[in-house]
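One letter stands for each residue in the lines below.
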Amino acid sequence: MKRFATANWQGTGKEGKGNLTSQSTVLNKTHYSFSSRFEEGVGTNPEELIAAAHAGCFTMKLSFNLSSAGFPPANIDTKCDITLDPAKGEITNSHLTVNAKVPGISKEKFDELVADAKTNCPISKLLKTEITYTASLEG
């Protein structure tokens, strides 16, 4: 299986502008720029898209893990914070904050399945950075 997205950029790195389009067209010439990446400008940026990808991938992997263990989740909410160090030009951390409602599961089993999802979701495997998490469980 393959997926694709395209990027177009016009101008210099700081004054230019670009757009991103995904295969599904959920992103369709979506604006990005220096200000949307390094300041608080309008538009998306690569780090925000990585955060969405990591949160989505991890959450789905955790759902698979829970269901396979006999504890289908009622709800899983995950936030992903990506830390970019502009001076180093690298992402230094991806932090996942998960809150799940999983009837009948022990905290120990939940923590085990969260740790597995953090390590084994495909986006975690792709990232070459520190990945941390905090997890809370509602019964």
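This structure is a prediction, so every number in the text was calculated from the model and none was measured. Here the residue index of a chain counts from 1 through its sequence in written order. For a predicted model such as this one, the threshold for reporting local features is a pLDDT of at least 70, and the threshold for listing and counting side-chain atom pairs is 80 or more; totals across whole chains, interfaces and linings nevertheless cover every residue. Side-chain metrics rest on all non-hydrogen atoms present in the structure, leaving aside hydrogens and water.

Running from N to C, helix H2 (residues 46-68) and helix H3 (residues 107-120) point in directions that differ by 135 degrees, and their axes come no closer than 9 Å. Between H2 and H3, the crossing angle belongs to the class labelled oblique. Here the hand of the crossing between H2 and H3 comes out right-handed. Contact with H2, carried on its side by Phe58, Lys61, Leu62, Asn65 and Leu66, involves Phe110, Leu113, Val114, Asp116, Ala117, Lys118 and Asn120 of H3 and no other residues of that element. Residue type decides the class: Asp, Glu, Lys and Arg count as charged, Ala, Val, Leu, Ile, Met, Phe, Trp, Tyr, Cys and Pro as nonpolar, and the leftover types, Gly among them, as polar. Classifying every residue of the contact of H2 with H3 by side-chain character gives 7 nonpolar, 2 polar and 3 charged. An axis is simply a line fitted to the C-alpha atoms; with a helix, the fit covers only the stretch in contact. Between two such axes, the angle follows the N-to-C directions and lies from 0 to 180 degrees. Helix and strand definitions here come from DSSP, where helices need a minimum of 4 consecutive H or I residues and strands a minimum of 2 consecutive E residues; each element is numbered from the N-terminal end. In what follows, roughly perpendicular refers to angles from 65 to 115 degrees, roughly parallel to angles under 35, roughly antiparallel to angles over 145, and oblique to any angle outside these ranges. Handedness of each helix crossing follows the sense of rotation of the near helix against the far helix: counterclockwise by less than a right angle gives left-handed, clockwise gives right-handed. Contacts are residue-level and defined by heavy atoms, with any inter-residue pair within 4.5 Å sufficient.

Our focus in this paragraph is H3. The end-to-end C-alpha distance of H3, which contains 14 residues, comes to 20 Å, matching closely the 20 Å that a straight helix rising 1.5 Å per residue would cover. A 1.4 Å probe rolled over the protein chains alone gives each residue an accessible area, and that area as a share of the maximum for its type sets the label: buried under 20%, exposed over 50%, partly exposed in between. Within H3 the residues assigned to the buried category are Phe110, Leu113, Val114 and Ala117. One face of H3 carries all of its buried residues, which in axial projection span an arc of 105 degrees. In this fold, the buried residues of H3 make contact with H2, strand S5 (90-101), helix H4 (122-126) and strand S6 (130-138). A helix's residues, less one, multiplied by 1.5 Å, set its expected span. It is the directions from the helix axis to the C-beta atoms whose arc is reported.

A word on the pairing of strand S2 (residues 17-22). Strand direction decides the pairing type here: strand S1 (residues 5-10) and S2, joined by 6 bridges, are antiparallel. Following the sheet pairing, Thr6 is matched in S2 by Thr21. In this analysis, strands are considered paired if DSSP registers two or more bridges between them. In textbook terms, the turn of a hairpin is the stretch between consecutive antiparallel strands, and for S1 and S2 this stretch comprises 6 residues, one of which, Gly11, has a positive phi near 100 degrees. With 4 bridges connecting them, S2 and strand S3 (residues 30-33) associate as antiparallel partners. Along S3, the bridge assignment pairs Gly18 with Tyr32.

Before going further, it helps to examine the sheet that holds strand S4 (residues 75-85). Reading across the sheet, the 3 strands line up as S4-S5-S6 and stay open at both edges, with mixed pairing between neighbours. The sheet terminates laterally at S4 and S6, the two strands that pair on one side only. In this sheet, neighbouring strand axes are inclined to one another by 10 degrees on average, regardless of whether the strands run parallel or antiparallel. When S4 meets S5, the two strands line up antiparallel, connected through 11 bridges. In the sheet register, Thr78 faces S5, and the bridge partner there is Val98. Relative to the sheet, H2 contacts S4, S5 and S6, its axis offset from that of S4 by approximately 145 degrees. In the packing of H3 onto the sheet, the strands contacted are S5 and S6, and the crossing angle to S6 comes to about 150 degrees.

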